[in-house]
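A closer look at the structure
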Amino acid sequence: MAGIMATPVQLNFTAPRRGMPPTHMADLTREKLQTTIQDLGLPKFRADQIARQYYGRLQGDPREMTDLPESKREAVSEALFPQLMAPLKDTEADDGETRKTLWRLHDGTLLESVLMRYPGRATLCISSQAGCGMACPFCATGQGGLDRNLSTGEMVEQVRLAAATMRDGEVSGEEGRLSNIVFMGMGEPLANYKRVVETIRKITNPAPEGFGISQRNVTVSTVGLAPAIRKLADEEMSVRLAVSLHTPDDELRDELVPVNNRWSVEEVLDAARYYAEKSGRRVSIEYALIRDINDQAWRAELLGKKLHGALGSKVHVNVIPLNPTPGSKWDASPKERQDEFVRRVIEQGVPCTVRDTKGQEIAAACGQLAAEER
Ligand code: SF4
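Residues numbered from 1 in each chain as written. Predicted model: local features only at pLDDT ≥ 70, side-chain atom pairs only at ≥ 80, totals over all residues. Heavy atoms only, no water.

Points about the pairing of strand E4 (residues 121-125)
If a strand is regular, its side chains alternate between the two faces of the sheet. A large share of E4 lies buried, amounting to 4 of its 5 residues. Of the strand pairs in this sheet, strand E3 (residues 110-118) and E4 are connected by 5 bridges, and their pairing is antiparallel. Residue pairing across strands places Met-116 opposite Thr-123, the latter belonging to E4. Counting the residues that bridge the hairpin from E3 to E4 gives 2 residues, and of these Gly-120 lies at a positive phi of roughly 85 degrees. Looking at chain direction, E4 and strand E7 (residues 180-183) are connected through 3 bridges and run parallel. (Buried < 20%, exposed > 50% of the residue type's maximum accessible area, 1.4 Å probe, protein only. Helix = DSSP H or I, 4+ residues; strand = E, 2+ residues; numbered from the N terminus. Pairing = 2+ DSSP bridges.)

Here it is, written out as structure tokens:
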């Protein structure tokens, strides 16, 4: 489909426009935390004590860590616990089961995360970058460009704060546990590779090095940076990979997902197959269904065929009804078209479901709240 975009797109992988935040305890390895603690005149064992408070009890303020000597709490706070983010706006939807928070970071950058409660589990959608350089034309975040990468501490703090929110019963009035993390908020996680992998380890390692959430409950979503997908596979983790494909043909994908000009559908699916083989996990294919753009029956068939050929039984398609951004010409497909699309993918032997659109009424497609605020 030609003519979707009026101007050529500049992809922006690196060039952050603003500065990274001060170092936080959550940026450090266990060893580095120990040496920092010793530099503050405390014995090494205090490092694990602080980490247990942080990851285990979700305590982010050393002044409240009563097992630390009172005379040292202020120094620990100053050295290791700068305030990385402050809530700017909370929005609720789905009878209070979805909460979207807009955060202001130390340099004024805006960031968002979405917490969704389901029966028996709670999922946090976190951002890995402020803004995004991938320039997908249907996405609010993509229109604003990349502000900067998030630090490990900024990603870990999103998780800690959400876990505390769940524990304290602040989502639909009932105590619960944060069980799942998806890197599907603002940004392309694999463009901030090193910090995202560090963050995954802090999410999944047991205390005192992390929150102890199962790797199987963590999903990393990418637009298809093929070499980084292979690198992630070689990390030998069992996190789920989700690839935002959005169309099975290069002609349209070059426009819908401009990074396709660098790594074609075939290269992306090859990398996804490598990931499935190494991790033993099914890869999720994300497909935002857009009226009259990528919702044709022939595309559904082509999608099913290509996925079956590349990934066999190691794939699942999530169809996502597009959540149109304000003022956008893009729209969701009608329900009948959507059902037909799903049916035709399944006919090719590939499981396909429509993703729950929790949070849609509060603009929970990636980046929309921050885009509105800008
Ligand atoms: S859809 Fe995802 S990858 Fe594309 S511009 Fe938006 S945030 Fe970036």
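Description of the packing of helix H7 (residues 226-234) against helix H9 (residues 265-279)
Contact geometry for H7 and H9: axes closest at 9 Å, N-to-C directions at 5 degrees. It follows that H7 is roughly parallel to H9 by the angle criterion. Residues Ala-226, Ile-229, Arg-230, Leu-232, Ala-233 and Asp-234 of H7 form the contact with H9, whose participating residues are Glu-267, Asp-270, Ala-271, Ala-272, Tyr-274, Tyr-275 and Lys-278. Split by residue class, the contact of H7 with H9 holds 8 nonpolar, no polar and 5 charged. (Axes fitted to C-alpha atoms, helices over the stretch in contact; angles between N-to-C directions. Parallel < 35°, antiparallel > 145°, perpendicular 65-115°, else oblique. Contact = heavy atoms within 4.5 Å. Nonpolar A, V, L, I, M, F, W, Y, C, P; charged D, E, K, R; others polar.)

Looking at the side chain of Gln-158
Mapped onto the elements, Gln-158 comes out in helix H5 (residues 152-167). At 3.1 Å, the side chain of Gln-158 forms a polar contact with the backbone oxygen of Ser-127. Once residues lying within four places of it in the same chain are set aside, the contact partners of Gln-158 are Met-85, Leu-111, Glu-112, Ser-113, Leu-124, Ile-126, Ser-127 and Leu-150. (Polar contact = N/O pair within 3.5 Å; in protein donor to acceptor, adjacent residues only side chain to side chain.)

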